[in-house]
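Here's the letter readout for the chains.
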2 protein chains.
Amino acid sequence: MSRFLIERFRALTEYVPGGQPQDRKYVKLNTNESAYPPSPRVIESVNAESMQALRLYSDPQSTRLKAALAEAYGTSPDMVFVSNGSDEALGFFFAAFCGEGTPVCCPAISYGFYPVFAQFYGVEYRPIPMEPDLSVDPRRFCEAKGNIVIANPNAPTGIALSVQDVETILKSDPDRLVCVDEAYVDFGAETVLPLLSSYENLVVVRTYSKSRSMAGARLGFAFASPEVTADLEKIKYSTNPYNVNRLTQAAGEAALLDSGYYADCCKKIAADREFTAAELGKLGGEMTDSVANFIFVRFPGYEGGRLYRELKSRGILVRHFSDPRISDYLRITVGTREECETLINALADILGGKR
Amino acid sequence: MSRFLIERFRALTEYVPGGQPQDRKYVKLNTNESAYPPSPRVIESVNAESMQALRLYSDPQSTRLKAALAEAYGTSPDMVFVSNGSDEALGFFFAAFCGEGTPVCCPAISYGFYPVFAQFYGVEYRPIPMEPDLSVDPRRFCEAKGNIVIANPNAPTGIALSVQDVETILKSDPDRLVCVDEAYVDFGAETVLPLLSSYENLVVVRTYSKSRSMAGARLGFAFASPEVTADLEKIKYSTNPYNVNRLTQAAGEAALLDSGYYADCCKKIAADREFTAAELGKLGGEMTDSVANFIFVRFPGYEGGRLYRELKSRGILVRHFSDPRISDYLRITVGTREECETLINALADILGGKR
């Protein structure tokens, strides 16, 4: 820390992303990337011509990509916001709409970035207590005061609220915004997008990082009313107007033409999630009911940190959180079937179980 | 604007970037992009393999790129910050170090984003008056209180301060930071990087958007003391850790291997700037002494906005600013020799001059 850093950031605890080790090759099941590469049209979307065109700025409006997203999701371009990864859209939500007496309410156990955004933008953060099974009771959101951010399915539990539950929350106070972070929705949950036309207090955030296999391209998007979308644009134009590069814009557009490919990938991942969960169950694992592309599991009698280290020493990276409420758990990304098998065998070995 | 936008942003005036028209093809001399495409190694840096790897997050540390930049510029990786365009690095400078009683001082006529950053982050903005010839007297910075941001060469004037002048400013108050935005330095000014080892209050911001022909890839970088660099990282990890995508990281690294190519491009642009300036002079143009890849010119008796529109109607885009202090001027990017000729002929035609 330098002596020049302003006071209010001196105690700021930044987000710690899952490791992206550059030193050796791991079976990488720690950051919920897709097990499968981008679709053929994405691979072809970048060529010598598009590289030549890099000398020109990208379209700050992402006009073509917004139009394509609007068409793919049955909405209009003025209800689409495009961001440098969904983290940027989420951060802009905190910047634009929270603070000045409006707190933000999030599940007490959820995406670790939400409290960091709150701290960074000077927003009061109100955690909503979890139920004993790590689900959230939607009534608690209805009773809470302030804006709401819900990862749905939630991370790292993978548990989803129903569309009806989210609608109840939206109705509970039309004067506050409800942001639904649907990063993992394509792996088995139901999107709340159909509610968008009826609720001007709904913001839906999406990402290309998970089901669209483009974590490395940095592309997120959000849907909201034209007015709320314009506010997000205002934040963008006040911080980084050319937020999405040309290659990513082109890749994002191309991906929308291959929706069948991605649906197949999601189906495989959902099937391998169920397979892996069943096998981990046989090894004594206790799991939340995840509908995402990861499993949240603990093995009674085994400390999560120890299992994490044992797996890492065997070349398998999973995610472990030091938060004592969930430090027994591991969050394991569903990889290819082969990677799942490698993980199951390693855990069987560590736990002394048979398989 | 929605009814949900917080109070303090309701009056926020966002930055207006130069037009990136998607409707038709212009001779595009309005946003200071390079006239030349990225180098051969950059073109080759993206292939099917790197597209496949997009499923994985980018390295949030940009380890390889930082190491390459450190080597290219003779510094150490812990003094290098990498950003999603230099706007992001500049914004982080305002976020991390300004405010809480520390104002920011910038030339009264300079990059239009500086006052926007100040407003967004709640920082008092103190414009330093320009001299009649649109230069800035370095003594005014020495006398000013607060952090300093200087575009050097300045935009839109193209006028540069000497390294000695910047050193005097650095010495005037070692307890404040001086951020030198060297976006245009490669076209004919002198970098202040050699001062970095002696002044812990210096931050130097650079971009791949201009001399490295990669505006569309979104890549900026900054050099500072390890402590100041760590503070910029803290802001990044609190807003968008994976700020630079994989393809751009690879392209940025590749560009450093083709430094001869870029030096040649800069030489051509500098020569065409001098050629164009001489021709515009013959047409009655009055220019600042630009060492950047643009010319800042006015034609007495002709309103800048009118010339802008006349050129646009002829398919030539230049930049015009409505600020009354410079509304007589046009900022014209130096394109290829052919583009410069097209511009000169169009202006000759509009001004009724001969050539």
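In this text, all values refer to a predicted model and were calculated from it rather than measured experimentally. (Residues numbered from 1 in each chain as written. Chains lettered and ligands numbered in written order. Predicted model: local features only at pLDDT ≥ 70, side-chain atom pairs only at ≥ 80, totals over all residues. Heavy atoms only, no water.)

1. Considering the overall build of chain A
Quick reminder of the rule: Runs of E in the DSSP output that reach at least two residues are strands. Runs of H or I that reach at least four are helices, and both are numbered from the N terminus. The atom set for the radius of gyration is the C-alpha atoms, and the globule formula is 2.2 Å times the number of residues raised to the power 0.38. Burial here depends on accessible area, computed with a 1.4 Å probe over protein chains only, as a share of the maximum for the residue type. Under 20% is buried, over 50% is exposed, and the range in between is partly exposed. In what follows, residue pairs with any heavy atoms lying within 4.5 Å of each other are defined as contacts. Only the protein chains shown count as cover for residues, and all accessible areas are computed by the Shrake-Rupley method using a 1.4 Å probe. When charges are tallied, Lys and Arg are placed among the positive residues and Asp and Glu among the negative ones, while His and the ends of the chain are skipped. Lysine's charge is taken at NZ, arginine's at CZ, aspartate's at CG and glutamate's at CD.
The secondary structure content of chain A amounts to 12 helices and 12 strands. Over its C-alpha trace chain A gives a radius of gyration of 20 Å, about what one expects of a compact globule, namely 20 Å for 355 residues. The principal-axis extent of the C-alpha atoms belonging to chain A is close to 55 × 55 × 50 Å. Split into buried and exposed, the 355 residues of chain A put 63% on the buried side. Considering only contacts in chain A between residues 6 or more positions apart, those separated by 24 or more positions represent 70%. Accessible area for chain A stands at about 13000 Å²; split by element, carbon and sulfur atoms hold 50% of it. Of note, chain A has its 38 positive side-chain charges centred 5 Å away from the centre of its 45 negative side-chain charges.

2. Things to note about the confidence of the model for chain A
As a reminder of what qualifies: Every residue gets a pLDDT, meaning the predictor's confidence in that residue, from 0 to 100.
Per-residue confidence for chain A averages 96 on the pLDDT scale, and 99% of its residues sit at or above 70. Among the scores for the predicted complex, ipTM is 0.96 and pTM is 0.97.

3. A few points about the sheet that holds strand 12 (residues 329-333) of chain B
As a reminder of what qualifies: Following DSSP output, two strands are said to pair if at least two bridges run between them.
Reading across from one edge, 9-10-12 (chain B) is the order of the 3 strands in this open sheet, with antiparallel pairing throughout. Unpaired on one side and paired on the other, strand 9 (286-287) and strand 12 of chain B mark the two borders of the sheet.

4. Digging into the relation of the copies chain A and chain B
We apply this condition: A least-squares superposition brings the copies together, and it is based on the C-alpha atoms of residues with pLDDT no lower than 70 in both.
The operation relating chain A to chain B is a screw motion whose rotation component is 180°, with 0.0 Å of axial translation and a residual RMSD of 0.0 Å. The symmetry that links the two subunits is that of a two-fold axis. The overlap is high: 100% of the interface residues of chain A also sit at the interface in chain B, so the same surface is used on both sides.

5. Looking at the side chain of A:Arg218
Test applied: We count a salt bridge whenever a side-chain nitrogen from Lys or Arg sits within 4 Å of a carboxyl oxygen from Asp or Glu. Any pair of N or O atoms that falls within 3.5 Å is considered a polar contact. Within protein, one atom must be able to donate a hydrogen and the other to accept it, and sequence-neighbouring residues count only if both atoms are side-chain atoms.
Considering the arrangement of structural elements, one finds A:Arg218 in the loop between strand 7 (202-207) and strand 8 (220-223). Comment: no salt bridge for buried A:Arg218; closest opposite-charge side chain is A:Asp87, at 4.5 Å. Looking at A:Arg218, its side chain comes within polar contact range of the side chain of A:Ser209, at 3.5 Å. Within the local environment of A:Arg218, its side chain forms a polar contact with the backbone oxygen of B:Tyr242, the two atoms lying 2.7 Å apart. Excluding anything up to four places from it in sequence, A:Arg218 contacts A:Ser83, A:Asn84, A:Gly85, A:Ser209, A:Thr248, B:Tyr57, B:Ser58, B:Asn240, B:Tyr242, B:Val244 and B:Asn245.

6. Notes on the interface of chain A and chain B
Worth spelling out the cut-off: By buried area we mean the combined loss of accessible area, with a 1.4 Å probe, across both parts when two parts are placed together.
Every contact between the two is made by 85 residues of chain A and, on the other side, 85 residues of chain B. Regarding the contact of chain A and chain B, the summed buried area is about 7100 Å², with carbon and sulfur atoms giving 58% of it. Ranking the residues of chain A by area buried against chain B places A:Phe4, A:Arg55 and A:Tyr57 at the top, with a combined share of 11%. Our count for the chain A to chain B interface comes out at 6 salt bridges. Residue B:Lys234 is joined to A:Glu14 by a salt bridge in which the shortest nitrogen-to-oxygen separation is 3.3 Å. Along the contact surface separating chain A from chain B lie 42 residue pairs in polar contact (both at pLDDT 80 or more). Those elements giving two or more residues to the side of chain A that touches chain B turn out to be helix 1 (40-44), helix 2 (48-52), helix 4 (86-97), helix 5 (113-120), helix 8 (226-237) and helix 9 (246-255) of chain A.

7. Some words on the state of the cysteines
Heads up, the condition is: The disulfide definition used here is simple: a pair of cysteine sulfur atoms within 2.5 Å.
Counted under the stated rule, the structure contains 0 disulfides over all chains. Note on A:Cys98: no disulfide assigned, nearest cysteine sulfur contributed by A:Cys106 at a separation of 8.3 Å. Assessed through its relative accessible area of 2%, A:Cys98 is described here as buried. Here B:Cys105 stays unpaired: no disulfide links it, and the sulfur of B:Cys106, its closest cysteine neighbor, is 7.3 Å away.

8. A short note on the pairing of strand 7 of chain A
Residues and elements named next belong to chain A. Burial of strand 7 is extensive: 6 of the 6 residues sit out of reach of the surface. The side-chain alternation of strand 7 yields two buried faces, one formed by Leu202, Val204 and Arg206 and the other by Val203, Val205 and Thr207. As paired elements, strand 6 (residues 178-181) and strand 7 share 4 bridges and run parallel to each other. Of the residues in strand 7, the one forming a bridge with cysteine 179 is valine 203. In this sheet, strand 8 lies alongside strand 7 in antiparallel orientation, the contact comprising 4 bridges. Each bridged residue has a counterpart across the sheet, and for valine 205 the counterpart in strand 8 is alanine 222.

9. Looking at the nonpolar core
For clarity, the cut-off: Residues grouped as a nonpolar core are buried Ala, Val, Leu, Ile, Met, Phe, Trp, Tyr and Cys residues, joined through side-chain atoms within 4.5 Å.
In this structure, A:Leu202, A:Tyr208, B:Leu202 and B:Tyr208 are the most contacted members of the largest nonpolar core, which totals 106 residues. Beyond its immediate sequence surroundings of up to four residues, B:Leu202 is in contact with B:Leu170, B:Val178, B:Val180, B:Val192, B:Leu195, B:Leu196, B:Phe223, B:Ala224 and B:Ser225.

10. As for the environment of B:Asn84
Examined against the element boundaries, B:Asn84 turns out to sit in the loop between strand 2 (80-83) and helix 4 (86-97). Using a relative accessible area of 3% as the deciding quantity, one classes B:Asn84 as buried. Separated by 135 residues in sequence, B:Asn84 and B:Leu219 place their C-alpha atoms 5.0 Å apart. If near-sequence neighbours (up to four positions away) are discounted, B:Asn84 is found in contact with A:Asn84, A:Asn240, A:Asn243, B:Arg218, B:Asn243 and B:Val244.

11. Topic: the pattern of salt bridges
According to the stated counting rule, one finds 42 salt bridges over all chains in the structure shown. Shared partners join several salt bridges into a network, and the residues in it are A:Arg306, A:Glu310, A:Arg314 and A:Asp349.

12. Thoughts on the packing of helix 10 (residues 259-282) of chain B against helix 12 (residues 337-351) of chain B
All names here are of chain B. The condition is simple: For every element, the axis is a line fit to its C-alpha atoms; helices are fit only across the contacting stretch, and the angle between N-to-C directions ranges from 0 to 180 degrees. Working definition: roughly parallel below 35 degrees, roughly antiparallel above 145 degrees, roughly perpendicular at 65 to 115 degrees, and oblique for all remaining angles. All amino acids are sorted into three groups, where Ala, Val, Leu, Ile, Met, Phe, Trp, Tyr, Cys and Pro are nonpolar, Asp, Glu, Lys and Arg are charged, and the leftover types, Gly among them, are polar.
Where helix 10 meets helix 12, the axes come as close as 10 Å, and the angle between the chain directions of the two elements is 10°. Judged by the inter-axis angle, helix 10 sits roughly parallel to helix 12. Between helix 10 and helix 12, the contacting residues are Asp272, Phe275, Thr276, Glu279 and Leu280 on the first element and Arg337, Cys340, Glu341, Leu343, Ile344 and Leu347 on the second. Across the contact of helix 10 with helix 12, the residue classes tally to 6 nonpolar, 1 polar and 4 charged.

13. Here we look at helix 9 (residues 246-255) of chain B
Within helix 9 of chain B, 7 of the 10 residues are buried, which leaves it mostly tucked inside the rest of the structure. Taken together, the buried positions of helix 9 of chain B are occupied by B:Leu247, B:Thr248, B:Gln249, B:Ala251, B:Gly252, B:Ala254 and B:Ala255. Summarising the contacts, the buried residues of helix 9 of chain B are in contact with helix 9 of chain A together with helix 1 (40-44), helix 2 (48-52), helix 3 (63-73) and helix 10 of chain B.

14. With respect to the side chain of A:Lys28
Residue placement: A:Lys28 occurs in strand 1 (residues 27-28). A polar contact is formed between the side chain of A:Lys28 and the side chain of A:Glu33, at a distance of 2.9 Å. Discounting chain neighbours no more than four positions away, the residues touching A:Lys28 are A:Gly19, A:Gln20, A:Pro21, A:Glu33, A:Leu317 and B:Leu56.

15. Re unusual backbone geometry
Between A:Asn152 and A:Pro153 the backbone carries a cis peptide bond, its omega angle lying at -5°. Note the cis peptide between A:Ala155 and A:Pro156, where omega equals 5°. Inspection of the secondary structure assignment puts A:Pro156 in the loop between strand 5 (147-151) and helix 7 (163-172). Backbone geometry at B:Leu134 places phi at a positive 70°, although glycine is not the residue there. Mapping B:Leu134 onto the fold places it in the loop between strand 4 (125-128) and helix 6 (138-143). Residue B:Leu134 is classed as buried on the basis of its relative accessible area of 10%. A positive phi angle, near 60°, is found at B:Ser213, a position not held by glycine. For B:Ser213, the position within the fold is in the loop between strand 7 (202-207) and strand 8 (220-223). A relative accessible area of 0% places B:Ser213 in the buried class.

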